[in-house]
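Residues per chain, in single letters:
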Amino acid sequence: MTPASTGASTVVGAVPAAPVDSRMAPGGPGYRRMSFALFLAGVATFALLYSTQALLPLISGDLGVTASAASWTVAAATGGLALFVIPMSALSERFGRRTVMTVSLAVAVAVALLVPFAGSLTTLVALRAVQGAALAGLPASATAYLAEEVRPRALVTAIGLFVAGNSVGGMSGRVITGWVAQEWGWRVAVGALGLLAVGCAVAFRLLLPEPRHFVAGSLRPRVLLGTVREHLGNPLLRRLYAIGALFMTVFGGVYTVIGYRLTEEPFGLPQGVVGSIFLVYLVGTVAASTAGRLVGRLGRRGALYLGGGTTAVGLLLSSADSLALVLLGLVLITAGFFAGHAVASSAVSKTATHGRAQASALYQSAYYVGSSAGSTVGAMAFHAGGWGGTVGVGLLAVLGVVGITLVGSRAARVAAARAAV
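Residues numbered from 1 in each chain as written. Predicted model: local features only at pLDDT ≥ 70, side-chain atom pairs only at ≥ 80, totals over all residues. Heavy atoms only, no water.

**Structural notes on the packing of helix H11 (residues 221-232) against helix H17 (residues 356-385)**
Part 1 of the argument: Taken N-terminus to C-terminus, the directions of H11 and H17 make an angle of 60 degrees; their axes are 10 Å apart at the nearest point. It follows from the interaxial angle that H11 and H17 lie oblique. The two elements H11 and H17 meet at a crossing, and its hand is right-handed. Every residue of H17 that contacts H11 at Leu224, Thr227, Val228, His231 and Leu232 is listed here: Gln358, Ala359 and Leu362.
Part 2 of the argument: Looking at the contact of H11 with H17 residue by residue, the classes come out as five nonpolar, three polar and no charged. (Axes fitted to C-alpha atoms, helices over the stretch in contact; angles between N-to-C directions. Helix = DSSP H or I, 4+ residues; strand = E, 2+ residues; numbered from the N terminus. Parallel < 35°, antiparallel > 145°, perpendicular 65-115°, else oblique. Left-handed = near helix turned anticlockwise from the far one by under 90°. Contact = heavy atoms within 4.5 Å. Nonpolar A, V, L, I, M, F, W, Y, C, P; charged D, E, K, R; others polar.)

As structure tokens, then:
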């Protein structure tokens, strides 16, 4: 029988070809559609999650509540997300990332269309909590989808693009609501944002490619708890979770309170102009999307030091009574936060070799606990000590980021020394 008829190679001693990696990579089929779809998911997530943040002064006036009370419309959404992100990640392990993300967005946009009709602060906070719980299906499932469907060398860049979508969503949501609210009130503003999110959700579902490397897992509580315990037992993952929470404490506090500061003296800016201040989120878009190159040059810990230092300088500059310096401070805070967040979240996905959805969910849970804490504590500090109080809370959080990163650097040196023996 001839070699051709048996399928055998005609070259004696030929080396078998290396298996082809079928995962997506920049320039490859489906990568651009996937990137744009998850970018839109990021836009919708942050636009809805923080839809009331720029409107807090108007909500306070309309409902007759204090800044601290109004801040619960932000804290309830981020708290709901933090509470439900792990259960949602378990559902994505069983039913698929794409399915869970689609259902989560659908529920979140449906609630968004109800928010404008809330008649009291209690109702508004309750709707926002439900909205946050629905959005919990997005962040962990998205990063797990990317870890499974994108080649490892492109993972930081791909996650950076998703985070960049977060920054665009946060920026567009605040700018749109600021100007719409100035003319027609906060209720019309959040309704307009809900319609924008509907468009993003539909486009996301149409564009995102079917997963090719997803393997369904178990929904058994014992398996889920075992995976969670294993991740929490990993010192590197614990440090990354804490870093994400502390970065978000700064960001949540600053952007919850900044509207009050800029509408009061010595600035006295109108609501539309205050909303436009959030255009500095575009800096976050650039910082997040270039996080891969930053890690390539400085390493993960070097990038985290740079992100923390940039954030700290921004906080100090924002204490000035000069609008130009306040804006520069916000630019630096935003750049430092989004760079640090993109680096930490991508490191979680690379570190976890299994149960990636749970690993990402734990990071997201810590991250949004930090957001809720930052929103609440930042507003309380502002009420007690003005902007200086909010800045103090932020600087303490940045100090925590630097300290944890130093611990990681020392652990890496010790491990390298032991390996060399």
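That covers the picture; the talk isn't over yet.
**A word on the environment of isoleucine 333**
Part 1 of the argument: Along the chain, isoleucine 333 falls in helix H16 (residues 323-351).
Part 2 of the argument: Between the alpha carbons of isoleucine 333 and threonine 310 there is a distance of 6.6 Å; along the sequence they are 23 residues apart.

**Overview of the side chain of threonine 177**
Part 1 of the argument: Residue placement: threonine 177 occurs in helix H9 (residues 155-184).
Part 2 of the argument: Sequence-distant contacts of threonine 177, defined by excluding residues within four places in its chain, comprise Ser51, Ala54, Leu55, Ala189 and Leu193.

**Some remarks on the packing of helix H3 (residues 56-63) against helix H12 (residues 235-263)**
Part 1 of the argument: Following both chains from N to C, one finds H3 and H12 inclined at 75 degrees, their axes separated by 8 Å at the closest point. By the angle between their directions, the pair H3 and H12 is classed as roughly perpendicular. Residues Leu56, Pro57 and Ser60 of H3 lie in contact with H12, whose contacting residues are Thr256, Gly259, Tyr260 and Thr263.
Part 2 of the argument: Residues that form the contact of H3 with H12 fall into these classes: three nonpolar, four polar and no charged.

**Some points on the pattern of salt bridges**
Part 1 of the argument: As enumerated under the stated definition, the model contains three salt bridges in all.
Part 2 of the argument: Across the pair arginine 187 and aspartate 62 runs a salt bridge whose closest N-O atoms are separated by 3.5 Å. One end of the pair, arginine 187, is in helix H10 (residues 186-207); the other, aspartate 62, is in helix H3, and 125 residues separate them in sequence.
Part 3 of the argument: For arginine 187, a relative accessible area of 28% corresponds to the partly exposed category.
Part 4 of the argument: Classification of aspartate 62 as partly exposed rests on a relative accessible area of 45%. (Salt bridge = Lys/Arg side-chain N within 4 Å of Asp/Glu carboxyl O. Buried < 20%, exposed > 50% of the residue type's maximum accessible area, 1.4 Å probe, protein only.)

**What to know about H3**
Part 1 of the argument: Buried within H3 are the following residues: Leu56, Pro57, Ile59 and Ser60. Buried residues of H3, viewed axially, fall in a sector of 165 degrees; they line one side.
Part 2 of the argument: Considering only its buried residues, H3 is in contact with helix H4 (67-70), helix H5 (72-95), helix H7 (121-135), H10, H12 and helix H13 (271-276). (Arc of directions from axis to C-beta.)

**Topic: the nonpolar core**
Part 1 of the argument: One finds Leu38, Leu146, Tyr255 and Tyr368 to be the most contacted residues of the largest nonpolar core, which totals 108 residues.
Part 2 of the argument: Among the elements that line this core, the one with the most residues is H12, at 15 residues.
Part 3 of the argument: Leu55, Ile59, Val115 and Leu127 belong to the second largest nonpolar core, which has 12 residues in total. (Core = buried A, V, L, I, M, F, W, Y, C linked by side-chain atoms within 4.5 Å.)

**Let's talk about the packing of aromatic side chains**
Part 1 of the argument: Scanning all chains against the criterion turns up nine aromatic pairs.
Part 2 of the argument: Aromatic side chains phenylalanine 251 and phenylalanine 338 sit 5.4 Å apart centroid to centroid with 80 degrees between the ring planes, which places their arrangement in the edge-to-face category. Highlighted residues: phenylalanine 251 in helix H12 and phenylalanine 338 in helix H16, separated in sequence by 87 residues. Each member of the pair, phenylalanine 251 together with phenylalanine 338, is buried.
Part 3 of the argument: Between the aromatic rings of tyrosine 363 and tyrosine 367, the centroid separation amounts to 5.9 Å while the plane-to-plane angle is 20 degrees, which identifies the pairing as stacked. Of this pair, tyrosine 363 and tyrosine 367 both sit in helix H17, four residues apart, roughly one helical turn.
Part 4 of the argument: Note on tyrosine 363: relative accessible area 1%, which makes it buried.
Part 5 of the argument: What makes tyrosine 367 buried here is its relative accessible area of 1%.
Part 6 of the argument: Three or more aromatic residues link up through ring pairs in this structure, and these residues are Phe251, Tyr255, Phe337, Phe338, Tyr363, Tyr367 and Tyr368. (Phe/Tyr/Trp six-rings, centres within 6.5 Å; stacked < 30°, edge-to-face > 60°.)

**Some thoughts on the environment of glycine 165**
Part 1 of the argument: Considering the arrangement of structural elements, one finds glycine 165 in helix H9.
Part 2 of the argument: Along the sequence, glycine 165 and alanine 47 sit 118 residues apart, while their C-alpha atoms lie 9.7 Å from each other.
Part 3 of the argument: In this structure, glycine 165 is in contact with Phe39, Gly42 and Val43, ignoring residues within four places of it in sequence.

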